2 protein chains.
Amino acid sequence: MLLKDFGLEKIIHGIVPANKKWIEKAQDRTGRLIMPTRALGKLHDISERLCGIQETLKPSISKKAVLVMAGDHGVVAEGVSAYPQEVTGEMVRAFLKGGAGINVISRQVGADVWVVDMGIIPKLDPALLEGGQWLLVNKVGPGTANLAQGPAMKRQDAETAILTGFHLAAELFNKGVEILGTGDMGIGNTTPSAAIGTVVAGATIEEMVGRGTGIDDEGLQKKQTAIRRGIQVNMPDSDDGLDILSKIGGFEIGGIAGCILAGAYHHRPIVIDGLISTAGALVAHKICPTATDYIFAGHCSEEPGHRIMLNYLGLDPILNLGMRLGEGTGGALAMGIMEGAVRVFREMLTFDEANVSNKESA
Amino acid sequence: MLLKDFGLEKIIHGIVPANKKWIEKAQDRTGRLIMPTRALGKLHDISERLCGIQETLKPSISKKAVLVMAGDHGVVAEGVSAYPQEVTGEMVRAFLKGGAGINVISRQVGADVWVVDMGIIPKLDPALLEGGQWLLVNKVGPGTANLAQGPAMKRQDAETAILTGFHLAAELFNKGVEILGTGDMGIGNTTPSAAIGTVVAGATIEEMVGRGTGIDDEGLQKKQTAIRRGIQVNMPDSDDGLDILSKIGGFEIGGIAGCILAGAYHHRPIVIDGLISTAGALVAHKICPTATDYIFAGHCSEEPGHRIMLNYLGLDPILNLGMRLGEGTGGALAMGIMEGAVRVFREMLTFDEANVSNKESA
């Protein structure tokens, strides 16, 4: 299917809320399992929401995948990152070797990793790359423009980025993937992400901006200045997801937003990771608020703005482990907990099945 | 080996701190992995402590087990539980059927479950029980005495309970188990656990006592009164672990304390669960403070006293999911996160191996 045949309007119209009736049926089953009322806390919330998303009392997230979206950022010219820009491409190569954090954690939880070149500067030839991972080349451009000076990309590029993410995710769902994690790689990408958080969640730049991969005080100042200037120069419309993405976003952030819309459209849960994935979630939310029903927040990052963004979306993070790597690592790790939630829901006996006395008989 | 040949004194003398040199070597390796400095947060603390415990840079927790210690409690006569006492035995049967929370989560993380009758009231014949789980019968007695009226058990029984836990855990280690979770079953056992927390951690009864499996306001009052009376009547010596366990403890709590001492003695990590396991940890800590080096706190329970107890021990819980089931479920679920930490430590490439530019080259 061509992108133009499947535009954002059609996607938005195809998205409905997670099914409340199935959630209620699931809550009823939880109440009959052999334990004090809802004694496994958030595990029940997770499994019941999965029932609502998949419209079943036998939810399954066995077939897992992570899409790691990579892109470069013109705003690194402002001195906002502790690492040189070439690290984006170097890390993509490391993903393809299977040796980065996201590869390791995905192997543990049984998730396939797909790496997407959404717009990094170097040209990597997938055919020449070693290792067992896949590189999907879908460059929207060779890195974004510097958002501190003008729009990061054209509005049309923003739409292309989102539709690319949508179609890549949809293809995985067609192949049987039941849960999708979103990941990111892009030196400098905490800057557009914090900018999006500032505009959408209404926080101050000081509250939103952290040290990313580890900048010093001077770098922190530069980052705040770049974001302040980017917002002043571009004046993004905080109600228009495409406008926000094009003016102060990134190609990989658009790809992530597309994944989320695809999950919502195809009734599949999406697990987001840290600051960058959540910036993608904010863009998706602005385009279609209902899509948020399909998002699970894998963890809460050490980046200070992340909690603010999650609160705005009404999402409760599964893990709190002081992580701030990105790549999708927090989301992938949380898939193990979600798998536990599903198994408890499906495999734990009921009071009747186990012949255990319930509270009422006391 | 007979219990009398292997007393507490010998155990205490055999316990040394986790090895600081191996922890430092591990921290050095973490610093060379391809990510910003310690970007996976607590995962690094976990893997490095495991290196210190196992004295290696190739820590392994592949072979996992959970020992679920069951016991009955005379203090239920005070009306402290929402469930009838026969549920203890019924739940042990459910464990042996493989249908309870701990069975489900252990299957997910690949841990064997061993159920131990440390002193429940009913007599269960292991030979007659269905299902693929194991029941180890090591009754110290048919339930404890009512701690609100006098000591829960004799001092000698307390020592027997601890040594039983020690030897059962040691046997698993001899069979190759690399990480052991502690679990519990015993209607009424949040009462002795909160009593132990009050005495050891120095909190007030009001701070320590929660609703356990779900008692109402009247039950909460009764529970607080039972604990207050138990402490007044028995006057446990807050510096003597055996005295605390015998006067206001439980058989399964002693067994858990023994598991922890065994982990410390045999250089194996122990993952504790919620309030009851942590009461066992407080007893073990009082007997041998160094043993705490070998304990990982799987999660923080909804029971209000649990956080106080963990703080006293200086333990940072891995998960915070609002769980309060016990059985070992929080510890077992956390094993999945610990496994991720080990894999990241062992499998992630270094900057040199991956040819990725580090920060210094920026």
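Residues numbered from 1 in each chain as written. Chains lettered and ligands numbered in written order. Predicted model: local features only at pLDDT ≥ 70, side-chain atom pairs only at ≥ 80, totals over all residues. Heavy atoms only, no water.

Draft legend 1. Quick look at the environment of Ala-281 of chain A. Residue and element names in this part refer to chain A. Of note, Ala-281 is situated in helix 12 (residues 275–287). Residue Ala-281 is classed as buried on the basis of its relative accessible area of 0%. Residues Ala-281 and Phe-351, spaced 70 residues apart in sequence, show a C-alpha to C-alpha distance of 40 Å. Ala-281 has contacts with Ile-260, Ile-272, Ile-295 and Leu-313, leaving out every residue within four places of it along the chain. (Helix = DSSP H or I, 4+ residues; strand = E, 2+ residues; numbered from the N terminus. Buried < 20%, exposed > 50% of the residue type's maximum accessible area, 1.4 Å probe, protein only. Contact = heavy atoms within 4.5 Å.)

Draft legend 2. Layout of the sheet that holds strand 3 (residues 134–137) of chain A. All names here are of chain A. Reading across from one edge, 3-2-1-4-5-6 is the order of the 6 strands in this open sheet, with parallel pairing throughout. Strands at the two margins of the open sheet, each flanked by one partner only, are strand 3 and strand 6 (295–297). Along the sheet, successive strands turn relative to each other by an average axial angle of 25°, direction set aside. Looking at chain direction, strand 2 (residues 111–119) and strand 3 are connected through 4 bridges and run parallel. Within strand 3, the residue paired with Trp-114 across the bridge is Trp-134. Packed on one face of the sheet, helix 6 (residues 155–174) meets strand 1 (64–71), strand 2, strand 3, strand 4 (179–185) and strand 5 (270–272) and runs near 160° to strand 1. (Pairing = 2+ DSSP bridges. Axes fitted to C-alpha atoms, helices over the stretch in contact; angles between N-to-C directions.)

Draft legend 3. Main features of the packing of aromatic side chains. All names here are of chain A. Summed over all chains, the structure comprises 4 aromatic pairs over all chains. Consider the rings of Trp-114 and Trp-134, whose centres lie 4.5 Å apart with planes at 20°: the pair is stacked. With Trp-114 in strand 2 and Trp-134 in strand 3, this residue pair connects regions lying 20 residues apart in the sequence. Look at Phe-166 and Tyr-265: their rings are 5.6 Å apart centre to centre, the planes differ by 75°, and that puts the pair in the edge-to-face class. In this pair, Phe-166 sits in helix 6 while Tyr-265 sits in helix 11 (residues 251–265), placing the two residues 99 residues apart along the sequence. (Phe/Tyr/Trp six-rings, centres within 6.5 Å; stacked < 30°, edge-to-face > 60°.)

Draft legend 4. Inspection of the sheet that holds strand 3 (residues 134–137) of chain B at higher detail. Residue and element names in this part refer to chain B. Spatially, the 6 strands line up as an open sheet ordered 3-2-1-4-5-6, and their pairing is parallel. Here the strands that pair on one side only, and so sit at the sheet edges, are strand 3 and strand 6 (295–297). Looking at each pair of strands side by side, their axes are set apart by 25° on average, direction ignored. Together, strand 1 (64–71), strand 2 (111–119), strand 4 (179–185), strand 5 (270–272) and strand 6 form the strand contacts of helix 14 (residues 329–347), whose direction differs from that of strand 1 by roughly 165°.

Draft legend 5. Structural context of the nonpolar core. Residues Ile-34, Leu-67 and Leu-261 of chain A together with Ile-34, Leu-67 and Leu-261 of chain B are the most contacted members of the largest nonpolar core, which totals 264 residues. Beyond its immediate sequence surroundings of up to four residues, Ile-34 of chain B is in contact with Met-91, Ala-94, Gly-99 and Ala-100 of chain A together with Met-348, Leu-349, Thr-350, Phe-351, Ala-354 and Val-356 of chain B. (Core = buried A, V, L, I, M, F, W, Y, C linked by side-chain atoms within 4.5 Å.)

Draft legend 6. The arrangement of the domain arrangement of chain A in detail. Residues and elements named next belong to chain A. Examined at the domain level, chain A breaks down into domain 1 (10–58 + 345–354) and domain 2 (64–335). Taking only C-alpha atoms into account, the centre of domain 1 sits 29 Å from that of domain 2. Listed as interface residues are 15 residues of domain 1 and, on the opposing side, 22 residues of domain 2. Buried surface at the junction of domain 1 and domain 2, both sides included, amounts to about 1600 Å², of which 68% is carbon and sulfur. Looking only at domain 1, the three residues that lose the most surface to domain 2 are Ile-11, Ile-15 and Ile-53, adding up to 37% of its buried area. On the surface where domain 1 and domain 2 come into contact, there are 1 salt bridge. Across the pair Lys-42 and Asp-316 runs a salt bridge, and its minimum N-O distance is 3.1 Å. Summed over the shared surface of domain 1 and domain 2, the result is 7 residue pairs in polar contact (both at pLDDT 80 or more). When residues of the side of domain 1 that touches domain 2 are traced back to their parent elements, those giving at least two are helix 1 (8–13) and helix 3 (42–54). At 6 residues, helix 3 tops the list of elements feeding residues into the side of domain 1 that touches domain 2. (Domains from an automatic or database assignment. Buried area = accessible area lost by both parts, 1.4 Å probe. Salt bridge = Lys/Arg side-chain N within 4 Å of Asp/Glu carboxyl O. Polar contact = N/O pair within 3.5 Å; in protein donor to acceptor, adjacent residues only side chain to side chain.)

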